[in-house]
Amino acid sequence: MMKFSKRLYEKIQPIWRKNHSHPFVQEMGDGSLDPRKFRFYMIQDYLYLIQYSKLFALGAVKADDVETMGKFSALLHSTINEEMSLHRQYAKRFDISEEELEKAKPSSTTLAYTHYMLHVGQNGTLAELVSAILPCMWSYWEIGKELSRLPGASDHELYGEWIQMYSSEEFGELAQWCIHLLDDLAAGKQESELARLEEIFLNTTRFEYMFWEMAYNEEMWPTERE
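What this report covers is the structure whose coordinates are included nearby.

The rules we used
- Residues numbered from 1 in each chain as written.
- Predicted model: local features only at pLDDT ≥ 70, side-chain atom pairs only at ≥ 80, totals over all residues.
- Heavy atoms only, no water.
- Helix = DSSP H or I, 4+ residues; strand = E, 2+ residues; numbered from the N terminus.
- Rg over C-alpha atoms; globule rule 2.2 N^0.38 Å.
- Buried < 20%, exposed > 50% of the residue type's maximum accessible area, 1.4 Å probe, protein only.
- Contact = heavy atoms within 4.5 Å.
- Core = buried A, V, L, I, M, F, W, Y, C linked by side-chain atoms within 4.5 Å.
- Axes fitted to C-alpha atoms, helices over the stretch in contact; angles between N-to-C directions.
- Parallel < 35°, antiparallel > 145°, perpendicular 65-115°, else oblique.
- Left-handed = near helix turned anticlockwise from the far one by under 90°.
- Nonpolar A, V, L, I, M, F, W, Y, C, P; charged D, E, K, R; others polar.
- Salt bridge = Lys/Arg side-chain N within 4 Å of Asp/Glu carboxyl O.
- Expected span 1.5 Å × (residues − 1).
- Polar contact = N/O pair within 3.5 Å; in protein donor to acceptor, adjacent residues only side chain to side chain.

Looking at the overall build of the protein chain
- The number of helices and strands found in the protein chain is ten helices and zero strands.
- Seen in sequence order, the protein chain has helices and strands lined up from the N terminus as α-α-α-α-α-α-α-α-α-α.
- Taking 226 residues into account, the globule formula puts the C-alpha radius of gyration at 17 Å, and the protein chain, at 17 Å, falls close to it.
- Considering only C-alpha atoms, the protein chain reaches an extent of 50 × 35 × 35 Å along its principal axes.
- Sorting the 226 residues of the protein chain into buried and exposed places 52% on the buried side.
- Taking the intrachain contacts of the protein chain between residues at least 6 apart in sequence as the baseline, contacts between residues at least 24 apart amount to 83%.

Quick look at the nonpolar core
- Counting 76 residues, the largest nonpolar core has Phe-38, Tyr-41, Tyr-52, Phe-72 and Trp-162 as its most contacted members.
- Other than its neighbours up to four places away in sequence, Tyr-52 contacts Met-117, Ile-133, Cys-136 and Met-137.

Description of the environment of Lys-6
- As for its position among the elements, Lys-6 is in helix α1 (residues 4-20).
- Relative accessible area serves as the criterion here: at 46%, Lys-6 is assigned to the partly exposed category.

A word on the packing of helix α7 (residues 126-148) against helix α9 (residues 169-186)
- At a minimum axis distance of 9 Å, the contact between α7 and α9 shows a crossing angle of 150 degrees. What the angle tells us is that α7 and α9 run roughly antiparallel. Crossing handedness for the pair α7 and α9: left-handed. Facing Leu-126, Ala-127, Val-130, Ser-131, Ile-133, Leu-134, Met-137, Trp-138, Tyr-140 and Trp-141 of α7, the residues of α9 in contact are Phe-171, Gly-172, Leu-174, Ala-175, Gln-176, Cys-178, Ile-179, Leu-181, Leu-182 and Leu-185.
- Partitioned by chemical class, the residues of the contact of α7 with α9 number 17 nonpolar, three polar and no charged.

Examining the side chain of Ser-131
- In this fold, Ser-131 is placed in helix α7.
- For Ser-131, the contacting residues outside a window of four places in its chain are Leu-182, Leu-197, Ile-200, Phe-201 and Thr-204.

Remarks on the pattern of salt bridges
- Applying the stated criterion to the full structure yields eleven salt bridges.
- Among the ionic pairs, Glu-218 bridges to Arg-36, the shortest N-O distance being 3.2 Å. Residue Glu-218 is located in the segment after α10 (191-217), and its partner Arg-36 is located in helix α3 (residues 35-62); the two are separated by 182 residues in the primary sequence.
- Exposure remark for Glu-218: the relative accessible area of 24% places this residue in the partly exposed category.
- Given the relative accessible area of 53%, Arg-36 is considered exposed.
- With its nearest N and O atoms 3.6 Å apart, the salt bridge here joins Arg-196 to Glu-128. Highlighted residues: Arg-196 in helix α10 and Glu-128 in helix α7, separated in sequence by 68 residues.
- Classification of Arg-196 by relative accessible area gives partly exposed; the value is 33%.
- Taken together, the shared-partner salt bridges connect Arg-7, Lys-11, Glu-191 and Glu-198 into one network.

Remarks on α3
- Taking 1.5 Å as the rise per residue, α3 with 28 residues should run 40 Å; its terminal C-alpha atoms sit 40 Å apart, in good agreement.
- The N-capping residue of α3, defined by a side-chain oxygen 2.9 Å from the backbone nitrogen of Arg-36, is Asp-34.

Right, dumping it as C-alpha cells:
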C-alpha cells in the first residue's frame, strides 16, 4: 500500500514545481536575486519562524508518547536557538539590526499563513498539525538540495549559507522525521480523514508559493501597492 506521504507528494507536484521554479528560488540559485528582495524575505521569514516554532510546542502537547514529545521539544529548541540565531547573524549582512527584526510587522501573507497553521494546530489533531507544518520543511529541504547541485550556488557570498543550511543532512533528517511521523499518524485512517489531511497539506503548500511571491514583490499589503 502506498504511503500517505508518497500519495501527497505525487498529487501535489504541479504546485510543488511552481514553488521550486519561482523566480525568487531560481534567482537565489543563480545568484541574480536582488539583495533587497532577500532582505525583505529575511525579515518576514524571521517573523514566520516565531509563529512556526509555536507549532512544535503544540505538537509536544498533542503527542501521545514521550519520544514524540521530546522530538517536538528539540525542534522548538533548535528553531528558536539555532535557526533564528542564524537568521539574526545572517541579517547583519543585509544591514538588518536586531532592533529592526524585533520591531518588524508581518505582511498580509505572513499573517495569513501563520494564523492558518496555528488555527489547524490548536483546533485539530496531531496528524492535522503535522500536515500543516510539513510543506515548509519538506519543500525547503528539496529546494536546498536542488540549488546545492548548481555550480557555485552553495558558495555564493549572499545566498550560499541559506542553500547550505536547507540542503544539509541535519535539516534533511528533521524533514524525514516529520514525513515518517505523518505516515505513522495517517496509517489506518478513513478516507474522509485522509482527505482532510490532504487539504491542509495543499493549503500550506499554496501558502509557500504565496510567501515566495510576497517576498519577490516585497509586498506588505495589497492595498499598499504603488
